[in-house]
Amino acid sequence: MGKIEGIRIENYGSLKSVRMGKLFGDRVAEPLGSMVTVIGPSGSGKSTLADAFGFLADCLENGVEAACDMRNRGGYRQLVSQNTTDPISFEVYYRESSNTRPITYQLTIAEDESGRPYVQSERLRQRAEKYGQPKSFLNLHEGIGYAFEGEEGWEDDAGEITGSGKRVEVKLSDKRKLGIATYGAMAQYNRIVKFMSFLKSWYLCYFTPDSARMVQYAAPQPYLDRFGSNLNNVAQYMYREDRTAFEKVLLEIQSKLPGITKIEPKLMENGQLVLRFYEKGFDQPFYSSRMSDGTLKLFAYYLLLHEKMPRQLVFIEEPENGLYHHYLTDLAGEMRSNVKNGYAKQLFITTHSPFFVNALAPDSVWVLEKDENGFSQIKCAADYKMVKEMTDEEVLLGDLWYSKYFG
């Protein structure tokens, strides 16, 4: 379990200085909710924001140098904001549940003398008591510092230690690897383990119908990949693990797919499972390779929402692509009700669609715009003049955005 209550990104492409929600230095701000939607015109920085989340996950999995080169990023110098000598930095304000004290993760990535990106500093901190100033339980600078074992143990900036946890001196052999990747693999550093597990569960998706139509020979898989190319493999996994529960999921999904009267799993002789879609007006079923783009995308999204062991953070880019606009308000409402207000799952979504935004409240929508210097600025829709008052009068938020009342 876990949820981001705030995030700060600095010097990452057009995101020169972007802050959302509650942070270490701004704890009076409202925390981010379980569903966060980012809107704005083309070129405002929505894709860069999505990539920043992916970059953090790639840093954990592959190290910062490899992450800078992955996914057509082009290396550190192509990533860092133009006209700055400051390093790329992130701050994630995270809480495991409503009963736990929040944790702040701070990461700074710079270039060394050879022009190679490395981890300049990395820090995890938390309040030692219910109230008071947060203190560090992992603190590394240039790969050197300390980490605390167990659930307790902190050190403040003056060097004073609190709690019974064992303080361990740290010197990393490779400054291009995250410290949490090293110590998150050791059970005695259980607070670091929990945070690393949260970060590893992040999932960025950009479903494309053509990918879902691909012939899939792989074994059953528990999670959809980014493009939805393993849709049948995930269905096969759900069918194998709990057939009754999977059939209930299919019943619920088919009620939300326009024109679909039934979805039926069919186990083939070779052990693979395929899905048969029955459309209104036709006696014979269709397989996924013959289904419309919109039906496949909607099915993939609803299947994602019904994961038995959900990823804790899911970032969806432009769900409206390939979908009829009248379906989008229902899809947004379904996503909102699926995540609720708890800590089991959090959705981040970018969209151009006012129909999608019509199902949302102003405090869950953030607007990206470019300033006069070409850098992205972000602002919560609820902070625009009159928006909250007008939505309280039941004017739909997407209609206000489309009519240029804000954004």
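Predicted, not measured: the structure shown is a model, and the values here were computed from it.

How each quantity is defined
- Residues numbered from 1 in each chain as written.
- Predicted model: local features only at pLDDT ≥ 70, side-chain atom pairs only at ≥ 80, totals over all residues.
- Heavy atoms only, no water.
- Pairing = 2+ DSSP bridges.
- Helix = DSSP H or I, 4+ residues; strand = E, 2+ residues; numbered from the N terminus.
- Salt bridge = Lys/Arg side-chain N within 4 Å of Asp/Glu carboxyl O.
- Buried < 20%, exposed > 50% of the residue type's maximum accessible area, 1.4 Å probe, protein only.
- Phe/Tyr/Trp six-rings, centres within 6.5 Å; stacked < 30°, edge-to-face > 60°.
- Expected span 1.5 Å × (residues − 1).
- Core = buried A, V, L, I, M, F, W, Y, C linked by side-chain atoms within 4.5 Å.
- Contact = heavy atoms within 4.5 Å.
- pLDDT = per-residue confidence, 0-100.
- Lys, Arg positive; Asp, Glu negative; His and termini not counted.
- Polar contact = N/O pair within 3.5 Å; in protein donor to acceptor, adjacent residues only side chain to side chain.
- Axes fitted to C-alpha atoms, helices over the stretch in contact; angles between N-to-C directions.

> Teacher, can you tell me more about the sheet that holds strand 13 (residues 260-267) here?
In a beta sheet, neighbouring strands are held together by backbone hydrogen bonds and run either parallel or antiparallel to one another. Pairing within the open sheet is antiparallel, and its three strands lie in the order 13-14-15. Sheet topology places strand 13 and strand 15 (286-287) at the edges, where each strand pairs with a single neighbour. Pairing of strand 13 with strand 14 (residues 273-279) involves seven bridges; the strand directions are antiparallel. Bridging from a neighbouring strand, Pro265 pairs with Leu275 of strand 14.

> How do you make sense of the pattern of salt bridges when you look at a structure like this?
Pairs can form between side chains of opposite charge whenever their charged atoms are close. Counted under the stated rule, the structure contains 25 salt bridges. Glu151 serves as the salt-bridge partner of Lys194, at 3.2 Å between the closest nitrogen and oxygen. In this pair, Lys194 sits in helix 5 (residues 190-200) while Glu151 sits in the loop between strand 8 (144-148) and strand 9 (154-155), placing the two residues 43 residues apart along the sequence. Looking at Lys194, the relative accessible area reads 36%, which means it is partly exposed. Arg311 is paired through a salt bridge with Glu307; the nearest N and O atoms lie 2.5 Å apart. Accessibility classification places Arg311 together with Glu307 in one group, the buried group.

> Is there a simple way to think about the packing of aromatic side chains in this case?
For the structure shown, the criterion picks out 20 aromatic pairs. For the pair Tyr146 and Phe148, a centre-to-centre distance of 5.8 Å together with 85° between the ring planes defines the contact as edge-to-face. Ring geometry for Phe195 against Phe198: centres 6.3 Å apart, planes inclined by 45°, an arrangement best described as tilted. With Phe195 and Phe198 both in helix 5, this residue pair falls three residues apart, about one helical turn.

> Quick question: what am I supposed to make of helix 9 (residues 293-305) here?
Taking 1.5 Å of rise per residue, 13 residues should cover 18 Å, and helix 9 covers 19 Å from first to last C-alpha, within 8% of that figure. In terms of burial, helix 9 is a largely internal element, twelve of the 13 residues being buried. Gly294, Thr295, Leu296, Lys297, Leu298, Phe299, Ala300, Tyr301, Tyr302, Leu303, Leu304 and Leu305 are the residues of helix 9 that are buried.

> Mind showing me how you'd approach the nonpolar core here?
If you look at soluble globular proteins, the nonpolar side chains tend to sit buried side by side. Core analysis: the largest hydrophobic core is formed by 63 residues, its most contacted members being Met20, Phe53 and Ile180. Ranked by residue count, the leading element in this core is helix 1 (residues 46-62), at eight residues. Those residues in contact with Ile180 that lie beyond four places of it in its chain are Leu60, Tyr105, Glu122, Leu124, Leu138, Ile192, Phe195, Met196 and Leu199. Ranked by size, the runner-up nonpolar core spans 57 residues in total, among them Ile260, Ala300, Leu305 and Tyr384.

> Would you mind going over the pairing of strand 6 (residues 117-126) with me for this structure?
Every regular strand shows the same layout, with side chains that alternate between the two sheet faces. Extensive coverage of strand 6 is indicated by the burial of eight of its ten residues. Pairing of strand 5 (residues 103-111) with strand 6, which is carried by nine bridges, proceeds in the antiparallel orientation. Across the sheet, Ile109 pairs through a bridge with Val119, a residue of strand 6. Count of turn residues in the strand 5/strand 6 antiparallel hairpin: five residues, of which Gly115 carries a positive phi of about 80°. Across six bridges, the pairing between strand 6 and strand 7 (residues 135-141) is antiparallel.

> It is not clear to me how the environment of Gln78 should be interpreted in this structure. Could you clarify?
If you trace the backbone, Gln78 turns up in helix 3 (residues 76-79). In this structure the C-alpha to C-alpha distance between Gln78 and Leu23, which are 55 residues apart in sequence, comes to 27 Å.

> Help me understand the confidence of the model for the chain, please; the structure alone is not making it clear to me.
Detailed reading of the predicted model is not advised wherever pLDDT is low. Mean pLDDT over the chain stands at 90; residues scoring 70 or higher make up 99%. Strand 3 (residues 35-39) holds the highest mean pLDDT among the elements of the chain, 97, whereas helix 6 (residues 209-212) holds the lowest, 77.

> What am I meant to see in the side chain of Lys135 here?
In this structure, Lys135 sits in strand 7. Among buried Asp, Glu, Lys and Arg side chains, Lys135 stands out as unpaired, with Glu129 the closest opposite charge at 4.6 Å. Here the side chain of Lys135 touches Thr162 through a polar contact of 3.0 Å, side chain to side chain. Here Lys135 is in contact with Leu124, Arg125, Gln126, Arg127, Trp154, Glu155, Asp156 and Thr162, once residues within four sequence places are set aside.

> Can you walk me through the sheet that holds strand 17 (residues 346-351) in this structure?
Pairing is mixed in the open sheet, where six strands are placed in the order 12-16-17-3-18-19. The strands lining the two open edges of the sheet, one partner per strand, are strand 12 (203-205) and strand 19 (376-380). Neighbour-to-neighbour, the strand axes of the sheet open up by a mean angle of 20°, direction not taken into account. Sheet topology note: the strand 12/strand 16 (residues 313-317) ladder contains three bridges and is parallel. Among the inter-strand pairings, Cys205 is bridged to a residue of strand 16, identified as Ile316. Along the sheet face, helix 1 touches strand 3, strand 12, strand 16, strand 17 and strand 18 (365-370) and points at about 150° away from the line of strand 16. Sitting on the sheet, helix 10 (residues 328-339) is in contact with strand 3, strand 16 and strand 17, with an inclination near 145° to strand 3.

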